[in-house]
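Tertiary structure, described
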Amino acid sequence: VTIDLPMDTQPTELVSSPVPQPAPAAPPAKKRPGLLRRWFKRLMWGIVLFLLGFHLLVFLLLAYWKGQPVHTSAFMLRHNLSTLSRVQQTWVDDSQIARVVKQAAIASEDAQFSNHDGFDWNGIEHAMRRNQRSGTIRAGGSTISQQLAKNLFLFAERSYVRKAEEAVITVMMESMWSKERILTVYLNVAEFGEGIYGIEAAAQHYYRKPASGLRAGEAASLIAMLPNPKYFQQHRNDRRLRNKTRIILRRMGSADLPPDEE
């Protein structure tokens, strides 16, 4: 049987569907700083802000203490916190400190005190050579100004970080205070034994007299206790203490006091 198809009817052609093309890749997203980098930046900013705040506090205290008695220091606060006891300290003005005490301090601790800008460069160079030979920080070449900066605001442990801060504070102190003021505050906050701070408390504790009444030998003996007062408090007849006292006595006559003292 033959079936005739209409002339306009043709077999349907197969139309192939287009092959889907992959979507164009998105541009790579910019990488955000890693967590470690962000924390490092925050840490650096924190350190910068802390240092700025610390130096602002130092500036304000130096401005206030320029004309006011100093009754506290970093060393005193550390003693209070570690022993839960108060220190012995009585402030005395420059006129209430015997001249021989000032001579002994300069003769023992800083012969160029009245003439330098806060730093004894020859002493620093000598200390650096000693440290290089020993491989440790054993000498600092510190002046009275540097020691006072450390006592007031810093800590006792030796490190180059502390020495750098000590230098910054020394520059601030030397620019804001007179030499007479620096020496007076130094003698009022120096440690002379366990919980004994300042020359007045030391004079009363060891000799039962005021700082204004100390004689040359007594002044030299007290200053010779620095910088190891706690040991010498318990060993008053130590040979090193006696030898240092004799050396200070020999040098006291040539000690150059600040101009205001002359």
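Note that the structure is predicted; figures quoted are calculated from it, not measured. (Residues numbered from 1 in each chain as written. Predicted model: local features only at pLDDT ≥ 70, side-chain atom pairs only at ≥ 80, totals over all residues. Heavy atoms only, no water.)

Considering the packing of aromatic side chains
The description of an aromatic ring pair rests on the distance of the ring centres and on the angle between the ring planes. The full count for this structure, using the stated rule, is four aromatic pairs. Note on Y231 and F232: the rings are 5.3 Å apart at their centroids and 75° apart in plane angle, and the pair reads as edge-to-face. The class for Y231 is partly exposed, based on a relative accessible area of 28%. Cation over ring: R42 sits above W39, and NZ or CZ is 5.0 Å from the ring centre. Lying over the aromatic face of Y206, R236 brings its terminal NZ or CZ to 4.7 Å of the ring centre. (Phe/Tyr/Trp six-rings, centres within 6.5 Å; stacked < 30°, edge-to-face > 60°. Buried < 20%, exposed > 50% of the residue type's maximum accessible area, 1.4 Å probe, protein only. Lys NZ or Arg CZ within 6 Å of the ring centre and 35° of its normal.)

As for the packing of helix α9 (residues 216-224) against helix α11 (residues 239-252)
Contact pair α9 / α11: the axes reach a minimum separation of 8 Å and the direction vectors enclose 125°. Taken together, the axes of α9 and α11 are oblique relative to one another. For the pair α9 and α11, the sense of crossing is right-handed. Across the interface between the two elements, A216, G217, A220, S221, I223 and A224 of α9 pack against L241, K244, T245, I248, L249 and M252 of α11. (Axes fitted to C-alpha atoms, helices over the stretch in contact; angles between N-to-C directions. Helix = DSSP H or I, 4+ residues; strand = E, 2+ residues; numbered from the N terminus. Parallel < 35°, antiparallel > 145°, perpendicular 65-115°, else oblique. Left-handed = near helix turned anticlockwise from the far one by under 90°. Contact = heavy atoms within 4.5 Å.)

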